Amino acid sequence: MLTELRPKKELLDPNFGGYKLSLDSIPVYRQSINEGADHVCQSEDQYSFIHTKVFSLHNHLFCDPWHNNTVFLVDKGWNVLKATINSETGRLEALQTVWKIPGQTHRKSGHYNVSILLPSSQVVVVTDGCGWLHTLSRADDSQWQVELSSEVVAGVLLSARTVADTLHCVLMTLETQTAEEVISAGPRRSDKPKPAVVNTILHWVVFTKDSEGVWSESCKRQLEGAGSVDYVALEVSGSALYIDSNANFKFTSDSANPLPPPEEKMEIEEQNLYVWEQTKDDVKVTVEVGPKVTRDDVEVSVTEGQLTIRCGQQLIVSGALSRAVDQSLTTWTLQPNRLEVILVKQDSGMMWPELVKGDTRGQQILDPDVVEDVHNRLSHLCSDTEVQEAGEGFAPTFNLDQLEDCDTAPEDSWSLLRLEAESHSITHQISLAGHQWLMAVSEGPDRVPSMCVRHDVDGCVWRLEPPTTEDWPCHHVGTFYALGYVAASKQQKKFMLAAPDLSYTVICEATSHVFVYRKSSTVEGELRNRKTSTKIPTVAKQQLINLESSSSILGACATNSHLFILTTETLYCFHIQ
């Protein structure tokens, strides 16, 4: 079921006047990291945009949702360090080592960063990015105890959840494929290098604890999609997975509930026996043939507008061409496992709707240069101005003329999907077209992380609930006014996060600068809009944190009262009063 996101009007503020810079100082505490914070950079083989996104936006600071104002990080010696605020003094305590990650596998090119999640108050899940997943008990919070070390894929831990005596974990890996590996219908007509395709693989692993308290792997599922993901979360019941992506994910394997066998291939008459593509001057037909086919087995003829292509005893094409061709210029070549036929059009510039009239056994491949030319020809029919509707009281939500390039939503078709483990199907889908992804917001350990997406200039927070009927309840629970507009102006932004109670939000740049935005509060004195002269009763505040160090910011975590920032050698803690 496909639905839309519609924010509540009462949570939107059309009279919002913007952010006012606050000069109030923020109390800060810091702890040095002796060995430095651990982090992995992408290798030369991990060159795609999706790889860059996964590595550069990896948060190396891990919040503890069960204990207020406690975070964890990993140093270069693979020591897991705990940082917490003393409840009596309100100051940041010295870093404490709670566990050391064992090095069963040495880190090498192609591995990922360490990930830590706390699905319950007593269970910790750690993945080393090298192929090992560790389940630990934190009964003694000063020293974690290993309960299970399982060899899995080398990837990033995205979500973990405990349901009764089961533990669900979702890891992500990226797999690069060349165009030849994914295009089975035939080659594209272009001498340009074919781009690689990056598939996102999600590994859903389930562990079960027996009566003696021993964990063991009980199920392993795999999902795949050719695209990027912004959000992955397990449903509270552990029966479904939520994915925000520009690709349609599907299950490819399930050890507990095997997928049905693939459908049998269609009869030879219904298959795509050939592929064809065209330019304004010619048409190219490509047929995949066996390795033992010789020139004597091939018959190509063009007579009186009829095209016949035969390979041995198999008739590939036979029928009337869509348009006239110059039969004297027809050529064909036999390459290893491939037959190519070139037809020269008599009417240059005329685009054919089909190769052979009424023949549906072929597949057309669109030449990128032709598509671009068609777009250029039709560009005068497109308008960048919003259509104004008539009617009393109508007012557009925003004026497109006032938006800049950084404000435009991505052209890709992003959707929020719910994939059910039992049926292996997409049960619900929410279109996010036109809504930029901003961040995930953790409102509590027992909830699925909420998602914040842009609506006009604001950032709207949506709480996801398990579907009870055919509808998927997504509740609009909060709005960060003008956050979408502000975020678009931060070209160096790296992390965006918000407090669980939605009292403030944060934008961290790659180095040095951190911006804190607080919700609207009553204005002391009189403040008026410069254009309309209307009085503004409330205004939000912006605070700029300029870190002492110019080292890269590797992580950030926000609680209701404190903001933690991690650089390569220092952990900062700011008291948000």
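Residues numbered from 1 in each chain as written. Predicted model: local features only at pLDDT ≥ 70, side-chain atom pairs only at ≥ 80, totals over all residues. Heavy atoms only, no water.

**Overview of the overall build of the chain**
Convention followed: Each helix is a run of DSSP H or I of at least 4 residues and each strand a run of E of at least 2, with the numbering of both proceeding from the N terminus. Accessibility here uses a 1.4 Å probe with only protein chains present; expressed as a share of the type maximum, an area under 20% marks a residue as buried, one over 50% as exposed, and anything in between as partly exposed. Every residue pair with non-hydrogen atoms within 4.5 Å of one another is taken to be in contact. All accessible-area figures derive from a Shrake-Rupley calculation using a 1.4 Å probe, and residue coverage is judged against the displayed protein chains alone.
Across its full length, the chain holds four helices and 39 strands. Buried positions account for 45% of the 577 residues belonging to the chain. In the chain, once contacts between residues fewer than 6 apart in sequence are set aside, the share between residues at least 24 apart is 59%. On the chain, roughly 30000 Å² of surface is accessible, and the fraction owed to carbon and sulfur atoms is 47%.

**Looking at the sheet that holds strand S23 (residues 314-320)**
What links the strands of a sheet is backbone hydrogen bonding, and the strands pair in either a parallel or an antiparallel sense. We apply this condition: The criterion for strand pairing is that DSSP finds at least two bridges linking the strands in question. Throughout, an axis means a line fitted to C-alpha atoms (over the contacting stretch in the case of helices), and angles, computed between N-to-C directions, take values from 0 to 180 degrees.
Spatially, S21-S22-S23 is the arrangement adopted by the three strands of the open sheet, whose pairing is antiparallel. Every interior strand has two partners, whereas the edge strands, strand S21 (298-303) and S23, have only one. Across the sheet, the mean angle from the axis of one strand to that of its neighbour is 0°, orientation sign disregarded. As paired elements, strand S22 (residues 306-311) and S23 share six bridges and run antiparallel to each other. Bridge assignment links Ile 309 to a residue of S23, and that residue is Val 317.

**Regarding the state of the cysteines**
Where we set the bar: Disulfide: a pair of cysteine sulfur atoms within 2.5 Å of each other.
In this structure the tally under the stated criterion is one disulfide. A disulfide bridge connects Cys 63 with Cys 557, and the sulfur atoms are separated by 1.5 Å. Taking the sign of the S-S torsion, 135° for the link of Cys 63 and Cys 557, the bridge is right-handed. With a gap of 494 residues between them, Cys 63 in strand S4 (residues 62-63) and Cys 557 in strand S37 (residues 553-558) connect regions that are remote in the sequence. Since its relative accessible area comes to 36%, Cys 63 is described here as partly exposed. What makes Cys 557 buried here is its relative accessible area of 1%.

**Describing the side chain of Ser 415**
Here is the rule we go by: Think of a polar contact as two N or O atoms within 3.5 Å of one another; within protein, one of them needs to be a possible hydrogen donor and the other a possible acceptor, and neighboring residues in sequence only count if both atoms come from side chains.
Note on placement: Ser 415 falls in strand S27 (residues 415-420). Looking at Ser 415, its side chain comes within polar contact range of the side chain of Gln 429, at 3.2 Å. When residues no more than four places from it in sequence are discounted, the contact partners of Ser 415 are Ile 243, Asp 244, Ser 245, Gln 429, Ile 430, Ser 431 and Leu 432.

**Regarding helix H1 (residues 49-56)**
Within H1 the residues assigned to the buried category are Ile 50, His 51, Lys 53, Val 54 and Phe 55. For H1, the elements touching its buried residues are strand S12 (156-163), strand S13 (166-177), strand S14 (197-209) and strand S16 (229-234).

**Comments concerning the pattern of salt bridges**
As a reminder, the rule being used: One side-chain nitrogen of Lys or Arg within 4 Å of one carboxyl oxygen of Asp or Glu is enough to make a salt bridge.
Under the defined criterion, the tally for this structure stands at 14 salt bridges. We note a salt bridge from Arg 30 to Glu 548, for which the minimum N-O separation is 3.0 Å. With a gap of 518 residues between them, Arg 30 in strand S3 (residues 28-32) and Glu 548 in the loop between strand S36 (538-546) and S37 connect regions that are remote in the sequence. Judged by relative accessible area, which is 62%, Glu 548 ranks as exposed. For the salt bridge of Glu 217 with Lys 220, the shortest nitrogen-to-oxygen distance reads 3.7 Å.

**Some points on unusual backbone geometry**
For Trp 78, which is not a glycine, the phi torsion comes out positive at approximately 65°. Structurally, the position occupied by Trp 78 is in the loop between strand S5 (70-74) and strand S6 (79-84). Backbone geometry at Asp 456 places phi at a positive 55°, although glycine is not the residue there. Within the secondary structure, Asp 456 sits in the loop between strand S30 (450-455) and strand S31 (458-464).

**Here's the deal with the packing of aromatic side chains**
To keep it simple, the criterion reads: Any Phe, Tyr or Trp ring, taking Trp's six-membered ring, that has another such ring centre within 6.5 Å forms a pair; planes under 30 degrees apart are called stacked, those over 60 apart edge-to-face, and the others tilted. Only when the NZ atom of a Lys or the CZ atom of an Arg is both within 6 Å of the ring centre and within 35 degrees of the ring normal do we say a charge sits over the ring.
In the structure shown here, the tally under the stated rule is six aromatic pairs. A ring pair is formed by Phe 55 and Tyr 112, whose centres lie 5.5 Å apart and whose planes are at 15°; its orientation type is stacked. Separated by 57 residues along the polypeptide, Phe 55 in helix H1 and Tyr 112 in the loop between strand S7 (96-100) and strand S8 (115-117) bring together distant segments of the chain. For Arg 221, the ring lying beneath its charged end belongs to Trp 204, and the centroid distance is 4.6 Å. One residue, Lys 490, lies across the ring of Phe 515, its end atom 3.9 Å from the ring centre.

**So, the sheet that holds strand S9 (residues 123-127)**
In spatial order, the strands read S8-S9-S10-S11; together these four strands make up an open sheet with antiparallel pairing. Each end of this open sheet is capped by a strand with a single partner; those strands are S8 and strand S11 (145-151). Strand after strand, the sheet turns through a mean of 20° between neighbouring axes, direction not considered. In terms of strand pairing, strand S10 (residues 132-137) meets S11 through six bridges, oriented antiparallel. The residue of S11 that forms the bridge with Leu 136 is Val 146.

**Observations concerning the pairing of strand S28 (residues 425-431)**
Sheet analysis places S27 next to S28, joined by six bridges and oriented antiparallel. Bridge pairing in S28 links Leu 416 to Ile 430. Between S27 and S28, which pair antiparallel in sequence order, lie four residues; one of them, His 424, sits at a positive phi of approximately 60°.

**Things to note about the pairing of strand S17 (residues 240-245)**
Counting buried residues along S17, six of its six residues qualify, which places the element largely inside the surrounding structure. As defined by bridge partners, S16 adjoins S17 across five bridges and the pair is classed as antiparallel. Paired with Ala 233 across the two strands is Tyr 242, which belongs to S17. Connecting S16 to the next strand, S17, in antiparallel fashion are five residues, including Gly 238 with a positive phi near 75°. With six bridges connecting them, S17 and S27 associate as antiparallel partners. Each residue of the ladder has a partner; that of Ser 245, found in S27, is Ser 415.

**Digging into the side chain of Thr 70**
Positionally, Thr 70 belongs in strand S5. For Thr 70, the side chain forms a polar contact with the side chain of Thr 84, separated by 3.0 Å. Excluding anything up to four places from it in sequence, Thr 70 contacts Phe 62, Cys 63, Asp 64, Lys 82, Ala 83 and Thr 84.

**Describing the nonpolar core**
Keep this limit in mind: What makes a nonpolar core is a set of buried Ala, Val, Leu, Ile, Met, Phe, Trp, Tyr and Cys residues whose side-chain atoms join them at distances within 4.5 Å.
In this structure, Leu 202, Trp 204, Leu 223, Leu 241, Ile 243 and Phe 249 are the most contacted members of the largest nonpolar core, which totals 26 residues. Beyond its immediate chain neighbours, meaning those up to four positions away, Phe 249 contacts Thr 200, Leu 202, Leu 223, Glu 224, Gly 225, Val 229, Ile 243, Leu 417, Leu 419 and Ile 426. Of all hydrophobic cores here, the second largest spans 23 residues; its members include Val 287, Val 317, Leu 339 and Leu 355.

**What about the confidence of the model for the chain?**
Note the threshold: Each residue carries a pLDDT value, the predictor's own confidence for that position, ranging from 0 to 100.
On average, residues of the chain carry a pLDDT of 84, and 83% of them reach 70 or more. Between the elements of the chain, mean pLDDT differs from a low of 43, seen in helix H2 (residues 179-182), to a high of 97, seen in S8. Note that pLDDT drops below 50 for residues 179-192; the model gives that stretch 28 contacts with residues more than four away or on any other chain. The low-confidence segment residues 380-401, where pLDDT is below 50, has 13 contacts with residues more than four positions distant or belonging to other chains.

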